[in-house]
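Notes for the structure review
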Amino acid sequence: METLLENIIIYGITALICAVIIVWYFLSQKKKSGKTLAKIEKAKLEGLYEPVSLYPVIDENSCIRTGACIAACPEKDIIGIVNGKAKTINASQCVGHGACFHACPTQAITLCMGTEKRGVELPHVSQNFETNVPGIFIAGELGGMGLIKNAIEQGRQAVENLAKNLPVQHNADYDLIIVGAGPAGISALLTAKKLRLKAIALEQESLGGTVFTFPRSKVVMTSSVELPLYGKVKMFETSKAELLKLWTDVLSKNDLAVQEHCKVESIEKKESWFQVETADGRTYSSCKVLLAIGRRGTPRKLGIPGELSEKVAYRLLEPELINNRNIVVVGGGDSAIEAALLLSEKNNVMLSYRGEAFSRLKPRNSEAILSAASAGKVDLRLNTQLLSIEKEFVTVSDSREGKTFEMSNDLVFIFAGGELPTQFLLKSGIQITKKFGEAVMKH
Ligand SMILES: Cc1cc2nc3c(=O)[nH]c(=O)nc-3n(C[C@H](O)[C@H](O)[C@H](O)COP(=O)(O)OP(=O)(O)OC[C@H]3O[C@@H](n4cnc5c(N)ncnc54)[C@H](O)[C@@H]3O)c2cc1C
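Residues numbered from 1 in each chain as written. Predicted model: local features only at pLDDT ≥ 70, side-chain atom pairs only at ≥ 80, totals over all residues.

1. Structural notes on the overall build of the protein
Scanning the protein from terminus to terminus reveals nine helices and 28 strands. With respect to the principal axes defined by its C-alpha atoms, the protein has extents near 105 × 65 × 40 Å. Considering the protein as a whole, with its 443 residues, one finds that 35% of them fall into the buried category. Contacts in the protein between residues far apart in sequence, at least 24 positions, make up 68% of those at least 6 positions apart. (Helix = DSSP H or I, 4+ residues; strand = E, 2+ residues; numbered from the N terminus. Buried ≥ 20, exposed ≤ 12 C-beta atoms within 10 Å, placed from the backbone. Contact = placed C-beta atoms within 7 Å.)

2. A word on the site of the ligand
As a matter of local geometry, the ligand sits amid 34 residues, with Gly140, Gly180, Gly182, Gly209 and Gly294 nearest to it. Of all elements in the fold, only helix 4 (148-163), helix 5 (183-194) and strand 9 (218-220) reach the threshold of two or more residues within the shell around the ligand. For the shell around the ligand, the element with the most residues is helix 5, which contributes three residues. Residues of the shell around the ligand, tallied by class, amount to 19 nonpolar, ten polar and five charged. (Near = placed C-beta within 6 Å. Nonpolar A, V, L, I, M, F, W, Y, C, P; charged D, E, K, R; others polar.)

3. Observations concerning the domain arrangement of the protein
Looking at the protein, the domain boundaries give domain 1 (2-118), domain 2 (121-299 + 421-437) and domain 3 (312-416). The C-alpha-based centres of domain 2 and domain 3 are spaced at 34 Å. (Domains from an automatic or database assignment.)

4. Points about unusual backbone geometry
Located in the positive-phi region is Asp255, a residue other than glycine, with phi close to 60°. Structurally, Asp255 is set in the loop between helix 6 (240-253) and strand 13 (258-259). Residues other than glycine seldom take positive phi values, yet Asn383 does so here, at roughly 55°. By secondary structure assignment, the location of Asn383 is in the loop between strand 21 (378-382) and strand 22 (384-389). Judged by C-beta crowding, with 15 C-beta atoms within 10 Å, Asn383 ranks as partly exposed.

5. Some details on helix 7 (residues 334-344)
Taken together, the buried positions of helix 7 are occupied by Ala336, Ile337, Glu338, Ala339, Ala340, Leu343 and Ser344. As for helix 7, its buried residues are in contact with strand 19 (326-330), strand 20 (348-353), helix 8 (363-374), strand 21 and strand 25 (411-414).

6. Section: the pairing of strand 23 (residues 393-398)
Here five bridges tie strand 22 to strand 23, and the two strands are oriented antiparallel to one another. Directly across from Leu386, in strand 23, lies its bridge partner Val396. As paired strands, strand 23 and strand 24 (residues 403-408) are joined by six bridges and run antiparallel to one another. Residue pairing for strand 24: Thr395 is matched across the bridge by Glu406. Hairpin connection from strand 23 to strand 24: four residues lie between these consecutive antiparallel strands, with Gly402 at a positive phi of about 65°. (Pairing = 2+ DSSP bridges.)

7. Re the sheet that holds strand 23
As a general point, the strands of a sheet are linked pairwise by backbone hydrogen bonds and lie either parallel or antiparallel. The three strands are arranged 22-23-24 in an open sheet whose pairing can be described as antiparallel. Both outer strands of the open sheet, strand 22 and strand 24, are each paired with one neighbouring strand and no more. This sheet shows a mean twist of 30° between the axes of neighbouring strands, independent of strand direction. (Axes fitted to C-alpha atoms, helices over the stretch in contact; angles between N-to-C directions.)

8. Some thoughts on the sheet that holds strand 1 (residues 54-58)
An order of 1-4-28 is seen for the three strands of this open sheet, with the pairing classed as antiparallel. Strands at the two margins of the open sheet, each flanked by one partner only, are strand 1 and strand 28 (438-441). For this sheet, the mean inter-axis angle between neighbouring strands, taken without regard to orientation, is 50°. Across three bridges, strand 4 (residues 109-113) lies against strand 28 in antiparallel orientation.

9. Comments concerning helix 4
The end-to-end C-alpha distance of helix 4, which contains 16 residues, comes to 23 Å, matching closely the 22 Å that a straight helix rising 1.5 Å per residue would cover. Here helix 4 lies mainly inside the structure; twelve of its 16 residues are buried. In the core, the buried residues of helix 4 are packed alongside strand 6 (136-138), strand 7 (174-179), helix 5, strand 10 (225-227) and strand 16 (283-291). (Expected span 1.5 Å × (residues − 1).)

10. Describing the packing of helix 4 against helix 5
For the pair helix 4 and helix 5, the least separation of the axes is 7 Å and the interaxial angle reads 35°. Considering how the two elements wind past one another, helix 4 and helix 5 form a crossing that is right-handed. Here Ile148, Ala151, Ile152, Gln154, Gly155, Arg156, Ala158, Val159 and Glu160 of helix 4 lie close against helix 5, whose contacting residues are Pro183, Ala184, Gly185, Ser187, Ala188, Thr191 and Ala192. Grouping the constituent residues of the contact of helix 4 with helix 5 by class yields nine nonpolar, five polar and two charged. (Left-handed = near helix turned anticlockwise from the far one by under 90°.)

11. Remarks on the environment of Thr384
Among the structural elements, Thr384 can be located in strand 22. Each C-alpha atom of the pair Thr384 and Val330 lies 9.4 Å from the other, and the pair is 54 residues apart in sequence. Residues contacting Thr384, with those up to four places away along its chain left out, are Ser352, Arg354, Val396, Ser397 and Asp398.

12. With respect to the environment of Met441
Considering the arrangement of structural elements, one finds Met441 in strand 28. Residues Met441 and Pro56, 385 residues apart in the sequence, show an inter-C-alpha distance of 9.3 Å.

13. Let's talk about the packing of helix 7 against helix 8
Two numbers describe a pair of packed helices, the interaxial angle and the distance between the axes. Where helix 7 meets helix 8, the axes come as close as 10 Å, and the angle between the chain directions of the two elements is 45°. The angle between helix 7 and helix 8 falls in the class oblique. In terms of crossing hand, the pair formed by helix 7 and helix 8 is left-handed. When helix 7 is examined against helix 8, the residues Asp334, Ile337, Glu338, Ala340, Leu341 and Ser344 are found in contact with a partner set consisting of Asn365, Ala368, Ile369 and Ala372. Grouping the constituent residues of the contact of helix 7 with helix 8 by class yields six nonpolar, two polar and two charged. (Parallel < 35°, antiparallel > 145°, perpendicular 65-115°, else oblique.)

14. Side note on the environment of Phe274
Counting through the fold element by element, Phe274 comes out in strand 15 (residues 274-278). Its 22 C-beta neighbours within 10 Å are what place Phe274 among the buried residues. With 181 residues separating them in the primary sequence, Phe274 and Gln93 have C-alpha atoms 37 Å apart. Setting aside anything within four residues of it in sequence, one finds Phe274 in contact with Gly135, Ile267, Glu268, Lys269, Ser285, Ser286 and Val289.

Dropping the structure here:
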């Protein structure tokens, strides 16, 4: 009798513990789901929910709630858990590491390009990386696949392919002109040297590409990659500075240089070669052209006196290093607002926008800039335009007041939109198609 009672008590306690664990599990799942759903709502409001390039699509029926995809992703809040299943949150922030794709034990993830709502424009390229214009090739992120390692790999393969069809003799200045010196362009230049091609790389900004425009210093590479004339690059977690050192070392060891601050404006097909023109009026001829220009485009310039000065920038790279300066931020979009707000924490910031009011801003930015202006943290000047940039001041015109004034100034940040790479491609005769959710990596 006593043993029966003891057994009942033991079973009862075990059942109670199990019930507590189950209730705790469901409550914590509910809490997790709530947090992720709130992040999804925020991402939708801020325009970060719809992907702009590659992103993970999760098959809910195959997802078995391991969370391995979230643990594997080097970025933050691209995927979260709702009701125990993986869901995308900030799909537009996905940079395409593909770590989630490989980590999922049930192969529930496919990497896709574009959605039904938002198509992604991509150029046509063949298996050999050649476009519909014979002789013009594309490598790196411009072709759709992001990541430094993919760009390095494609830069190498594209040059190996195009080298197979080079005429033995020609009258062009170069065998190959490489446009852009990000990871794809650098790898292409090294491969060209290895194959003894006469090649040149033209870069509109400076060596390194998009990586150097990240507002963070950490760079992640999920696997090693073979860099021509160097060997295996095994930098899994590195900094922008270390990566730049790698590029400069390998180029200088091989006696190679990139022509920096040299923007390619047009590529024109002549009889058996291409004429490449740059923004500063230089003309080059080449048998083949490799476009390694990424997907970021070219920032629009204002075209005013003094704009070439060193104190002018089109991106905000290391805001934490800028203190106690008089700064003018130009523009009325999210990038301008975010830069003005960030800089205003430790500097005097004037935000100059030629419009009468902001439109199409993320709601969060719209509220933040108006309250910073009314609190006197940012000197907001609507209806104004920069007329010229001098060493210690800028001249500004105010169309509503009908006057011109000078402002003491140390730095100018211009966020006036830009030319998309697609415009550049179309000008060069390259066909583009829109992808509406096509799978790029699939099990
Ligand atoms: C926020 C963010 C974080 C990321 N984090 C990582 C990461 O941690 N790890 C990783 O592997 N990848 C990351 N990526 C992706 C990675 O940056 C890109 O996939 C990679 O840089 C693509 O290399 P690319 O050579 O194809 O193009 P890019 O690096 O974009 O280089 C293109 C170059 O071409 C130049 N150019 C453009 N037009 C012209 C022209 N007309 N004339 C001359 N030059 C021109 C540009 O100035 C640029 O230097 C990240 C991307 C972003 C946006």
